[in-house]
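Descriptive analysis of the structure
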Amino acid sequence: MRKFTTAALAGLLLVSLSGEAEARRSGGSSSQNLLFVDSTKIEIDGAPYALCHLVKDDAILFINYLRRLEGYALAANKCNSDQYIALTAEALAGAKAAGEISQSVPDEPELSAGAMIEGHWGWALVVLALGLFGVRAKKSRDRRNQRQAMMGSASPAAAAILDAMCHAAKADGHVADAEVAGIAAAAREMTGESFAPEMVRQMAELAEAAPKEGDFKRLVKGRTEAEKEVMMRGVLFVAASDGTLDGKEQKFVGMLAKAMKMRKEKIHQLLAEAANARQQRAAS
């Protein structure tokens, strides 16, 4: 292996990899890295130096999303180093002419597909997340369409109230037979429309187990204040069937109240009315 004496390479400076350690407001940072390209016949102070690609990686929360190629460089330890010598086109040409760097090395640096993917792997996470979100959204939409189809000619208000009650029954993860019968009876009393218990069960099974904010907004969209009150009364009738609201049921009622912009005092009033309605039903 030749020593580092080529005139074209003489005078080049050994510099340290720089990293923008100070995080930006977005939580992002940039760092320089070395990627191995090829071995060379160059030695500096007895240490063999390799040809590397000098790249700058941009990351957010340590997830790479952009890689930029800055040029060729020489570094020890097969590019596994924190110091390098930037290599100009003229220096590269001189080293190739002297036989210190292989003639097969392209005059212009170019990253392989694998190196580019490694530098942009954060985007793969984004694509995966969007794909999973799309699958979930489609399944949710399909279930919603099935529930709407089951309700047939029911009025929009009655359909929304029944759907909300079915979601409330699903909130604790289990739809009991007593809940199904209670929903069917309560829906008939509150809306004046009849729904078969078997259809109610199917709707409850198709309801979202963990509805999102957008699901609650859809439930109350277009409903009058009176219809919202009937909907909340029905939900509380179902959720507080055992006289109390557990954690999941409390969360469901809270999210629905938020979508309705209903005050806590009103919720407490309706909860008391729902408890009285259950006591009267049990006594009769």
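In this report, we go over the structure that sits alongside the text. (Residues numbered from 1 in each chain as written. Predicted model: local features only at pLDDT ≥ 70, side-chain atom pairs only at ≥ 80, totals over all residues. Heavy atoms only, no water.)

1. Observations regarding the pattern of salt bridges
- This model, assessed by the stated rule, comprises 12 salt bridges.
- A salt bridge links Lys96 to Asp107; the shortest N-O distance between them is 2.7 Å. With Lys96 in helix 1 (residues 89-97) and Asp107 in the loop between helix 1 and helix 2 (113-119), this residue pair connects regions lying 11 residues apart in the sequence.
- A salt bridge links Glu225 to Lys228; the shortest N-O distance between them is 3.5 Å. Of the two residues, Glu225 and Lys228 are both situated in helix 8 (residues 225-239); the distance of three residues between them amounts to about one turn of the helix.
- The class for Glu225 is exposed, based on a relative accessible area of 57%.
- Each of Glu229, Arg233, Lys266 and Glu273 takes part in a single network of salt bridges with overlapping partners. (Salt bridge = Lys/Arg side-chain N within 4 Å of Asp/Glu carboxyl O. Helix = DSSP H or I, 4+ residues; strand = E, 2+ residues; numbered from the N terminus. Buried < 20%, exposed > 50% of the residue type's maximum accessible area, 1.4 Å probe, protein only.)

2. So, helix 4 (residues 156-170)
- Look at helix 4: 21 Å from first C-alpha to last across 15 residues, which is about the 21 Å you get at 1.5 Å a residue.
- Most of helix 4 is tucked away, with 14 of its 15 residues classed as buried. (Expected span 1.5 Å × (residues − 1).)

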